[in-house]
Protein chains: 2
Amino acid sequence: MNTEELRTPLGEKWLTTMDNDLLVVGAGIMGVASAYHLKKNNPNKDVLLIDRFPSPAQGNTGRSNAMFRNTFSSRDNQILSDASIDFYLHLQNELEIDIGLQPIGYLWLMSDGQLSASEPFLKQMERNRIEIRRLPREEVKRLLPGLEMSFESNDEAMLMDLPRIDGGVFGPKCGRLDPDKLVRFYAQEFSQMGGRVAFNTNAEKLLVGPSKRLGLDGEPFVWQDSRIEGVQVSGSMTGELRAETIVLACGAWGNELLEPIGIDGHVKAKKRQLFTVPAKGSDRLEALVRTEGFNPLGLLPLVILPKARVHFKPVSTENEFWIACEDEVNRPYIDIPAHDLEGYKAEMDFYDTSVRPVLSAYFPDFRNARVKAMWAGLYSYNTLDFLPFAFRENNLIVVGGDSGSGIMKGDSLGRIVDALYRGEDDALLYGDRPVRTSKIGFEKRDVEREEWVI
Amino acid sequence: MNTEELRTPLGEKWLTTMDNDLLVVGAGIMGVASAYHLKKNNPNKDVLLIDRFPSPAQGNTGRSNAMFRNTFSSRDNQILSDASIDFYLHLQNELEIDIGLQPIGYLWLMSDGQLSASEPFLKQMERNRIEIRRLPREEVKRLLPGLEMSFESNDEAMLMDLPRIDGGVFGPKCGRLDPDKLVRFYAQEFSQMGGRVAFNTNAEKLLVGPSKRLGLDGEPFVWQDSRIEGVQVSGSMTGELRAETIVLACGAWGNELLEPIGIDGHVKAKKRQLFTVPAKGSDRLEALVRTEGFNPLGLLPLVILPKARVHFKPVSTENEFWIACEDEVNRPYIDIPAHDLEGYKAEMDFYDTSVRPVLSAYFPDFRNARVKAMWAGLYSYNTLDFLPFAFRENNLIVVGGDSGSGIMKGDSLGRIVDALYRGEDDALLYGDRPVRTSKIGFEKRDVEREEWVI
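Along each chain, the written sequence defines residue order, and numbers are assigned to residues from 1. Chains carry letters and ligands carry numbers; both start at the beginning, A for chains and 1 for ligands, and go up in the order they are written. pLDDT decides what is reported in this predicted model: residues at 70 or higher carry local features, side-chain atom pairs at 80 or more are listed and counted, and totals for whole chains, interfaces and linings draw on all residues regardless. In computing side-chain values, all of the structure's heavy atoms are included and hydrogens and water are not.

(A) Quick look at the overall build of chain A. Where helices and strands are cited, they refer to DSSP runs of H or I of at least four residues and of E of at least two residues respectively, numbered from the N terminus. Assigned secondary structure in chain A consists of 11 helices and 21 strands. At 23 Å, chain A has a C-alpha radius of gyration in line with the 22 Å of a compact globule built from 454 residues. Reported as C-alpha extents along the three principal axes, the dimensions of chain A are approximately 80 × 45 × 45 Å. Taken across its 454 residues, chain A has 61% of its residues classed as buried. Using the Shrake-Rupley algorithm and a 1.4 Å probe, accessible areas are obtained, with residue cover drawn only from the displayed protein chains. Of the roughly 17500 Å² of accessible surface on chain A, a fraction of 46% belongs to carbon and sulfur atoms. Think of it this way: Lys and Arg go in the positive column, Asp and Glu in the negative one, and His and the chain ends go nowhere. We put the charge of a Lys on NZ, of an Arg on CZ, of an Asp on CG and of a Glu on CD. Within chain A, the 67 negative side-chain charges are centred at a point lying 2 Å from the centre of the 54 positive side-chain charges. Within these notes, the globule rule equals 2.2 Å times the number of residues to the 0.38 power, and the radius of gyration is based on C-alpha atoms. Here the term buried applies to any residue with accessible area under 20% of the maximum for its type, exposed to any over 50%, and partly exposed to those in between, with areas from a 1.4 Å probe on protein chains only.

This is the structure in structure tokens:
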């Protein structure tokens, strides 16, 4: 994208004065959605958005699989995602803003045992009018002729203990979008409303000061009230950016700023990898991309296999598949990730030993497929209940912990951040759905733990 | 203490075999209480307790203030502490085992505003039969003649915005004990029941393996079930200690073992400091140690001041005071603390600028008191709700997160670890009090957040 249009010359005003109202740190989905809703609802406030990268969505938002779904077991996740998806559909369909949204759907393939274990969660979705469809074995077989349903004579599959497929669960209000386009929408609107953006500006450190300055060396002492005065930055600007209120939307990197001042950022990160495989050159894989019967686009949905949550989606514009898997056990948690994104490289070996064997057992057409590109990003966990959080401590607001579903809840979280800023008890999500802001904080956290994780 | 009596020669049996039943890592209060209850209730099981230090309680248990109280706002904390205290009282009074227990009580001094804000929590205590006494201003004044109750003409106190004292809250089932003696009791009993102990044995790494080994290079893969096979150790032994079940009771150091294998240890650590001041040489401070009217021992209780939770207790055996304070804001959280305990040194400057000004404003007799000794330890937070946790993942049990109150809940937590091991839904705390084991885990966590924190 052309980032010049977002870059506003920043005068001295922004440095070392206390005149600024709001500083948002991080131009990933959480940061831009927050900045947008803050500026929209507080038009007279100065809002500055900074990011260490040269343009928005260059951290983990841009590296993610950028899928969306409303099919969560947790009532709270259902609301946060469903309202955000409605807003994104509104953008794409009513305002005709291209955010690359394709409602291809999600398809979970399962054994009988897994289907029964899922039933309580599916009932929870239906009770809350989250649309799902149960597909019997025969329908799955008919729609996906290239799928192996069982493995009686496949020694490798038996060794891997791969479950047979007895049916499927389909979520129609699910799909993919283009994270760059979505983030650009928020950032451009923010900019047009008068919000300021500074890229290549790294937040090095939060500056803590006393609420009432006494002029003593070493303030604030433990007997003083304190507040966050601003952020020390380097890069395009070097100095102290001061603001009345600071919003941290740094995803996996949040602890880096929060731990040194003794606030728990409540996130842990793990590397997650994506592998792309071209459909071009294989008639069968090209046909798989264009699988009919699931959505009006005539595309295969995101397919989640019944082992290690290996999943893949078609990217029709590129005529390719993106493949990933759940990668939990033995994959280290990182508390303060290194900045060096080179260290987040995907591992070919991981695809070969962990992903491909499962994928090609169920879909033999992938057996000889070659990986075209691969990359990794950081999945930012809130290990407590796998729901995002937004909390306020004095003049600091922190948003994050999306646990792999930041994009699909981003709009709702931006609205909650704005409500926290305005001191509202409730945030009004898209579609006029009220949500208590304290619900996703920590002091009065009141959410259902998510059980339907990919 | 003489640690030789605890050291059992460990044969090859302990290394590289799968014959061991239970391995407990960490000989602080959580580890020894767990080892004791595990061995007691599973006498036929081999239980090995290891610790990196040359004797037990040399980590943060031994560095703590070693106080106990049952005066929590959270019903769950009340039960965990009250039952543990009952067990400790039973040891000291009925079994006549000296654990240095002195029920001196806790005294919170407060302003009117603080007293009203506390009232809901006090009511919660009374509802649950946690004994507390409200002391009116006049009684506080009578019992503590050396206390400054207000600061109209004290500029420094006004600058620090010190609240006046309008009354107090006293908890009689609170006090101090000797952590070395308590831990020695558990370790010796454990040893006499046939438990084995290995000191100077550092757990370097948890060994993850597949539940069903296929003999492939790189196991376990994401499509395999896995388990913790053991612990790689160095020190008195070097090699792989294998066990059917592993219990981690490493306090602030837990993340070091858990993060690399992708399990959140749910603890963050902060440095907390203790300063000792002799009473000897000051008639007034000696008189303060021997304040009558609070407990049958004729000793001052632990006194908590109404600012920054500065608190101090008398140590009558040494004729001195131990002084500390709440040290939250701007004190960094540490996720994986360094082993180098030299780095945990107390800071004289912190006492001078943060602790002493508050203490000597309320108790001017401390104005000229000199610090005799000081040290620091790591306060191991569960920032979620400030209650401890014990959770099981497959064959791994993790206990910790006591948030500064490990000793006073240690016995209850040891019993819960044992119940988790035996797969019991309920643990029976001392005094036949049942507690659901899942309550303090994370999957079905069901505890009241603690609001009455020191």
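From this point on, the discussion continues.
(B) The arrangement of the interface of chain A and chain B in detail. Any two residues whose heavy atoms approach within 4.5 Å at even a single point are treated as in contact. With 42 residues of chain A at the interface, the matching set in chain B holds 42 residues. Accessible area, probed at 1.4 Å, shrinks when two parts are joined; the buried area is that loss added up over both. Carbon and sulfur atoms supply 56% of the area that chain A and chain B bury against each other, a total of about 3500 Å² over both sides. By the criterion of area lost to chain B, the three top residues of chain A are Val222, Trp223 and Asn330 of chain A, representing 21% of everything that side buries. For salt bridges, the criterion is a side-chain nitrogen of Lys or Arg within 4 Å of an Asp or Glu carboxyl oxygen. Between chain A and chain B we count six salt bridges in total. Taking the shortest distance from any N to any O, the salt bridge between Lys268 of chain B and Asp335 of chain A comes out at 3.2 Å.

(C) Local environment of the pattern of salt bridges. Under the criterion given, the structure shown has 70 salt bridges over all chains. Here Arg422 of chain A ties to Glu424 of chain A by a salt bridge, and the two come within 3.5 Å at their closest N and O atoms. Of the residues examined, Arg422 of chain A reaches a relative accessible area of 36% and is grouped as partly exposed. Classification of Glu424 of chain A as partly exposed rests on a relative accessible area of 36%. Measuring nitrogen to oxygen at the nearest pair gives 2.8 Å for the salt bridge that ties Arg134 of chain B to Glu126 of chain B. Ionic contacts of the salt-bridge type, sharing partners, join the residues Asp82, Asp86, Lys173 and Arg433 of chain A into one network.

(D) A look at the sheet that holds strand β14 (residues 302-304) of chain B. Residues and elements named next belong to chain B. Taken in spatial order, the eight strands of this open sheet run β5-β6-β4-β14-β15-β16-β13-β17, and their pairing is mixed. Looking at strand neighbours, the two that pair on one side only are β5 (133-136) and β17 (373-381), the edges of this open sheet. On average, each strand axis in the sheet is tilted by 25° relative to the strand beside it, whichever way the strands run. Strands are treated as partners if at least two bridges between them are detected by DSSP. Inspection of the sheet shows strand β4 (residues 106-110) paired to β14 by three bridges, in the parallel sense. By the bridge assignment, Tyr106 is partnered in β14 with Leu302. A fitted line through C-alpha atoms represents every axis, and for helices the fit uses only the stretch in contact; the resulting angles, taken between N-to-C directions, go from 0 to 180 degrees.

(E) Spatial organisation of the confidence of the model for chain A. All names here are of chain A. Counting all residues, the mean pLDDT for chain A is 93, and 96% of those residues have values of 70 or more. Confidence of the predictor at the level of single residues is captured by pLDDT, which takes values from 0 to 100. Low pLDDT (under 50) marks residues 1-18, which in the prediction has 49 contacts with non-local residues, meaning those over four places away or in another chain. This prediction of the complex comes with two scores: 0.94 for pTM and 0.92 for ipTM.

(F) Structural view of the relation of the copies chain A and chain B. In the superposition of chain A on chain B (RMSD 0.0 Å, axial shift 0.0 Å), the rotation amounts to 180°. The superposition of one copy onto the other is thereby described by a two-fold rotation axis. Taking C-alpha positions as reference, the residue of chain A nearest the rotation axis is Asp335 of chain A, located at 3.5 Å. Interface overlap between copies is the fraction of interface residues in one copy that are interface residues in the other; for chain A against chain B it reaches 100%, indicating a shared surface. To superpose the copies, least squares is applied to the C-alpha atoms of every residue with a pLDDT of at least 70 in both.

(G) View of helix α10 (residues 348-362) of chain A. Residue and element names in this part refer to chain A. An expected span of 1.5 Å times one less than the residue number is assigned to each helix. Here α10 is 15 residues long and its end C-alpha atoms lie 20 Å apart, about the 21 Å a rise of 1.5 Å per residue gives. The seven residues ending at a residue and the seven starting there each receive a fitted axis; the angle between those axes is the bend at that residue. Helix geometry: α10 is bent most strongly at Val355, by close to 50°, with proline Pro357 lying one to four residues after it. For α10, the complete set of buried residues consists of Phe350, Tyr351, Ser354, Val355, Pro357, Val358, Leu359, Ser360, Ala361 and Tyr362. Contacts made by the buried residues of α10 are with α6 (155-159), β13 (268-278), β15 (311-315) and β16 (320-324).

(H) How the structure looks around the sheet that holds strand β2 (residues 47-50) of chain A. All names here are of chain A. Spatially, β8-β2-β1-β12-β19-β18 is the arrangement adopted by the six strands of the open sheet, whose pairing is mixed. Of all strands in the sheet, those with a lone pairing partner are β8 (196-198) and β18 (389-393), marking the two edges. For this sheet, the mean inter-axis angle between neighbouring strands, taken without regard to orientation, is 15°. Pairing analysis gives three bridges linking strand β12 (residues 245-248) to strand β19 (residues 396-400), with the strands arranged parallel. Counterpart to Leu248 in the pairing with β19 is Val398.

(I) Expanded view of the packing of aromatic side chains. Here the aromatic set is Phe, Tyr and Trp, taking the six-membered ring for Trp, and pairing holds for ring centres within 6.5 Å; pairs whose planes are under 30 degrees apart are stacked, those over 60 apart are edge-to-face, and all others are tilted. Evaluated as defined, the whole model comprises 51 aromatic pairs over all chains. Judged by centre distance (6.3 Å) and plane angle (65°), the rings of Phe121 of chain B and Trp452 of chain B are edge-to-face. In this pair, Phe121 of chain B is assigned in helix α4 (residues 112-127) and Trp452 of chain B in the segment after β21 (433-436), connecting sequence segments 331 residues apart. Judged by relative accessible area, which is 7%, Trp452 of chain B ranks as buried. Taken together, the aromatic side chains of Tyr36, Phe87, Tyr88, Phe185, Tyr186 and Tyr430 of chain A make up a single cluster linked through ring pairs.

(J) Looking closely at the domain arrangement of chain A. Residues and elements named next belong to chain A. For the domain bounds, the source is a domain assignment made automatically or taken from a database. Split by domain assignment, chain A resolves into domain 1 (4-64 + 180-266 + 385-440) and domain 2 (106-171 + 268-381). Spacing between the C-alpha centres of domain 1 and domain 2 amounts to 34 Å. Contacts between the two partners involve 20 residues from domain 1, matched on the other side by 19 residues from domain 2. Carbon and sulfur atoms make up 53% of the surface buried where domain 1 meets domain 2, a total of about 1500 Å² over both sides. Counting across the interface, domain 1 meets domain 2 through zero salt bridges. The definition of a polar contact used here is a pair of N or O atoms within 3.5 Å, where within protein one atom must be able to donate a hydrogen and the other to accept one, and adjacent residues in sequence count solely through side-chain atom pairs. Remark: the boundary between domain 1 and domain 2 carries eight residue pairs in polar contact (both at pLDDT 80 or more). Looking at the side of domain 1 that touches domain 2, the elements with two or more residues in it are α2 (60-63) and α8 (254-258).

(K) The arrangement of the environment of Ser234 of chain A in detail. Residue and element names in this part refer to chain A. On the secondary structure map, Ser234 appears in strand β10 (residues 226-235). Expressed as a C-alpha distance, the spacing of Ser234 and Arg52, which sit 182 residues apart in the sequence, is 8.8 Å. In this structure, Ser234 is in contact with Asn200, Thr201, Asn202 and Glu204, ignoring residues within four places of it in sequence. Of the polar contacts made by the side chain of Ser234, one reaches the side chain of Glu204; its length is 2.4 Å.

(L) Main features of the packing of helix α1 (residues 29-41) of chain A against helix α11 (residues 410-421) of chain A. Residues and elements named next belong to chain A. Two elements in contact, α1 and α11, have axes whose closest approach is 8 Å; the angle formed by their N-to-C orientations is 50°. By the angle between their axes, α1 is oblique relative to α11. At the point where α1 passes α11, the crossing takes the right-handed sense. In this structure, α1 contributes Ile29, Met30, Ala33, Ser34, His37, Leu38 and Asn41 to the contact, and α11 contributes Gly410, Asp411, Leu413, Gly414, Arg415, Val417, Asp418 and Tyr421. Polar here means any residue other than Ala, Val, Leu, Ile, Met, Phe, Trp, Tyr, Cys and Pro, which are nonpolar, and Asp, Glu, Lys and Arg, which are charged; Gly is therefore polar. For the contact of α1 with α11, the residue count by class is seven nonpolar, five polar and three charged. Orientation categories follow fixed angle ranges, with anything under 35 degrees roughly parallel, anything over 145 roughly antiparallel, 65 to 115 roughly perpendicular, and all other angles oblique. Crossings are sorted by hand: turned counterclockwise from the far helix by less than a right angle, the near helix makes the crossing left-handed, and turned clockwise it makes it right-handed.

(M) Layout of the pairing of strand β1 (residues 22-25) of chain A. All names here are of chain A. A two-sided burial pattern is seen for β1, the buried positions comprising Leu22 and Val24 on one face and Leu23 and Val25 on the other. Summarising the sheet, β1 and β2 pair through four bridges and their orientation is parallel. Directly across from Leu22, in β2, lies its bridge partner Val47. Bridge count for β1 against β12 is four bridges, and the pairing is parallel.

(N) A look at the pairing of strand β4 (residues 106-110) of chain A. All names here are of chain A. Burial analysis of β4 places five of its five residues in the buried class, which makes it a mostly covered element. Here β4 shows a buried face lined by Tyr106, Trp108 and Met110 and a second buried face lined by Leu107 and Leu109. Bridging between β4 and strand β6 (residues 167-171) involves five bridges; their strand directions are antiparallel. Bridging from a neighbouring strand, Trp108 pairs with Val169 of β6.

(O) Representation of unusual backbone geometry. Of the consecutive residues Glu219 of chain A and Pro220 of chain A, the connecting peptide bond is found in the cis state with omega at -5°. You can see Pro220 of chain A is positioned in the loop between β9 (201-210) and β10. Of note in the backbone geometry, Asn330 of chain B takes a positive phi value of approximately 75° without being a glycine. Structurally, Asn330 of chain B is set in the loop between β16 (320-324) and α10 (348-362).

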